[in-house]
Amino acid sequence: MRSTSGASTTLIGALPTYDAIGILAPVLLVALRLIQGFGAGAEIAGATVMLVEYAPSKRRGLIGSLVSLGTNSGTLAASGIWAILLVVLTEDQLVSWGWRIPFLASFFLMVFAIWLRSNLKESPVFENRADVVDGVALSHAEVEQADAETKESVLESGLKQRKGRAFFVALGLRFGQAGNSGLIQTFLVGYIASTLLLDKSIATTAIVYGSLLGFVTIPVVGILGDKFGRRPMYMILSGATMVLAFPLLYLVTSGNNATLILAMVFALNIGVLGLFSLESVTMAELFGARTRFTQLALAKEIGGILATAIGPLMAATLTAVTGSWWPIGAMLVVYSAITLVSAYLSPETRGRDLVRLDDAI
């Protein structure tokens, strides 16, 4: 998956222009973006499972948050590179060829990632699973035929549990984080430049500062999740986002650049990065060992696609119709409320035995 995502990212930077190949250019761009997205999503899910399954139970929140730090590093690097290009290149240079530089440079990251993944071993959780024999997971039919008395009850609980509840809880947890991210990191950046008519570098600067602060926020939230539990931290962060959504949006639209940057930094860390830190470990703990990767990847990607597809489009429509910023705040409240309710319905997963084959709910 890493090679698929990396290759598609690199190829975007090498795409011929519309003048060269006509309508095929945007068609290829959309196809490569889809491949890139699905590949990256599967890779993030795999990295999450691997880190959490390697981590000691009392430090899972902190170690699992490293996935979020990696994603945050990508956001920071992308924003930083773009900010540099905006300063160094003219607008004509940026439009004609400068935009290709970040995509082509990703080739070196792809090579490093492939080398790293090829040298990883299976996690201790995988090796200790009841349905794994000599390092190979048994098929469903083989599990049903297993006659070892020491494994029977564990295998049956994993196979016969009715699936679905944990998946929908995870979907709700993901929905708020992904929806808030789409509104704050994508739509709001464009809104500031196109509707508020402020310099486009202001919003980019806010995202850079927010990502930098995220290197503190993400591990701190992970540590707090280890100490107090995933469920209460989810409820605190999503509740805080609901309460602060309208005040923060008011500051963003106040016309003061300093308060705009401060509000965006705060919104990004509370409503996006803090939730992402919890998401990395909580989803892995919600699912049983046999289906953890598949359910986690599907919950993250389906939730992410639905939230980010609906959010910016609806926000653009509502802000255009009302001529105001309040629909953005209302959508942040709705997204965060979905996560708050999902956290309330979720069991506390801190310290759960990850070798178990059944879901936590």
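The sections below set out a description of the structure shown in this document. (Residues numbered from 1 in each chain as written. Predicted model: local features only at pLDDT ≥ 70, side-chain atom pairs only at ≥ 80, totals over all residues. Heavy atoms only, no water.)

### Looking at the overall build of the protein
A count of helical and extended segments in the protein gives 15 helices and two strands. Sequence separation of at least 24 residues holds for 81% of the intrachain contacts in the protein that already meet a minimum separation of 6. Element-wise, carbon and sulfur atoms account for 69% of the exposed surface of the protein, whose accessible area totals about 17500 Å². (Helix = DSSP H or I, 4+ residues; strand = E, 2+ residues; numbered from the N terminus. Contact = heavy atoms within 4.5 Å. Areas by Shrake-Rupley, 256 points an atom, 1.4 Å probe, with all protein chains shown as cover.)

### As for the side chain of R352
Inspection of the secondary structure assignment puts R352 in the segment after α15 (326-345). For R352, a relative accessible area of 10% corresponds to the buried category. Engagement of the side chain of R352 in a polar contact is seen with the backbone oxygen of D359, the distance being 3.1 Å. R352 has contacts with R60, E285, L286, F287, D358, D359 and A360, leaving out every residue within four places of it along the chain. (Buried < 20%, exposed > 50% of the residue type's maximum accessible area, 1.4 Å probe, protein only. Polar contact = N/O pair within 3.5 Å; in protein donor to acceptor, adjacent residues only side chain to side chain.)

### Examining the nonpolar core
Counting 33 residues, the largest nonpolar core has L188, I192, V252, L260 and M264 as the members making the most contacts within it. When contributions to this core are tallied by element, the ones reaching two or more residues are α10 (165-194), α11 (200-228), α12 (230-252), α13 (257-286), α14 (292-322) and α15. The greatest single-element share of this core, amounting to nine residues, is contributed by α13. Once you skip the residues sitting within four places of it in the chain, L260 turns out to touch I192, L198, I202, L251 and V252. Formed by 26 residues, the second largest nonpolar core is a distinct cluster that contains V49, L171, L173 and M233. (Core = buried A, V, L, I, M, F, W, Y, C linked by side-chain atoms within 4.5 Å.)

### Things to note about the environment of L345
Within the element layout of this structure, L345 appears in helix α15. C-alpha of L345 to C-alpha of I361: the two residues are 16 residues apart in sequence and 9.6 Å apart in space.

### Comments concerning α14
The terminal C-alpha atoms of α14 lie 43 Å apart, and with 31 residues this matches the ideal 45 Å at 1.5 Å per residue to within 8%. After α14 finishes, the residue G323 shows a positive phi value of roughly 70°. (Expected span 1.5 Å × (residues − 1).)

### Focus on the side chain of S346
Along the chain, S346 turns up in the segment after α15. Discounting residues that sit within four places of it in the chain, S346 has contacts with V169, R231 and L286.

### Observations concerning the pattern of salt bridges
This structure, assessed with the given rule, holds eight salt bridges. Salt-bridge contacts for D226 lead to R230; the nearest nitrogen and oxygen are separated by 2.9 Å. Side by side, D226 and R230 carry an identical accessibility label, which is buried. In this structure, the salt-bridge partner of E279 is K300, at a minimum N-O distance of 2.5 Å. (Salt bridge = Lys/Arg side-chain N within 4 Å of Asp/Glu carboxyl O.)

### Some details on a nonpolar patch on the surface
Among the surface-exposed residues, Y18, I21, I23, L24, V27 and L28 lie close enough to one another that they form a single nonpolar patch of about 550 Å² accessible area. At the level of secondary structure, the elements contributing two or more residues to the nonpolar patch comprise α2 (18-21) and α3 (24-54). Among the elements that line the nonpolar patch, the one with the most residues is α3, at three residues. One can find I23 in the loop between α2 and α3. (Patch = residues over 30% accessible without salt bridge, like charges linked within 9 Å, V, L, I, M, F, W, Y side chains within 5 Å.)

### Here's the deal with unusual backbone geometry
The phi torsion at L197 lies on the positive side, around 60°, for a residue other than glycine. Its place among the elements puts L197 in the loop between α10 and α11.

### Structural notes on the environment of P219
Tracing the sequence through the fold places P219 in helix α11. In the structure, P219 is positioned 153 residues away from L66 in sequence and 7.5 Å away in space, judged by C-alpha atoms. Not counting chain neighbours up to four residues away, the residues in contact with P219 comprise L62, S65, L69 and G214.

### Regarding the packing of α13 against α14
Between α13 and α14, the shortest axis-to-axis distance is 9 Å and the interhelical angle comes to 145°. As α13 packs across α14, the resulting crossing turns out to be right-handed. For the pair formed by α13 and α14, the contact residues are F276, E279, M283 and A284 on the first element and R292, L296 and K300 on the second. When grouped by side-chain class, the residues that make up the contact of α13 with α14 number four nonpolar, no polar and three charged. (Axes fitted to C-alpha atoms, helices over the stretch in contact; angles between N-to-C directions. Left-handed = near helix turned anticlockwise from the far one by under 90°. Nonpolar A, V, L, I, M, F, W, Y, C, P; charged D, E, K, R; others polar.)

### What about the packing of α10 against α12?
Interhelical geometry of α10 versus α12 gives an angle of 15° and a closest axis separation of 12 Å. The angle between α10 and α12 places the two elements in the roughly parallel class. Once α10 is placed against α12, the crossing between them reads as left-handed. Contacts from L173, N180, L188 and I192 of α10 reach α12 at Y234, T241, L249 and V252. Broken down by class, the residue content of the contact of α10 with α12 amounts to six nonpolar, two polar and no charged. (Parallel < 35°, antiparallel > 145°, perpendicular 65-115°, else oblique.)

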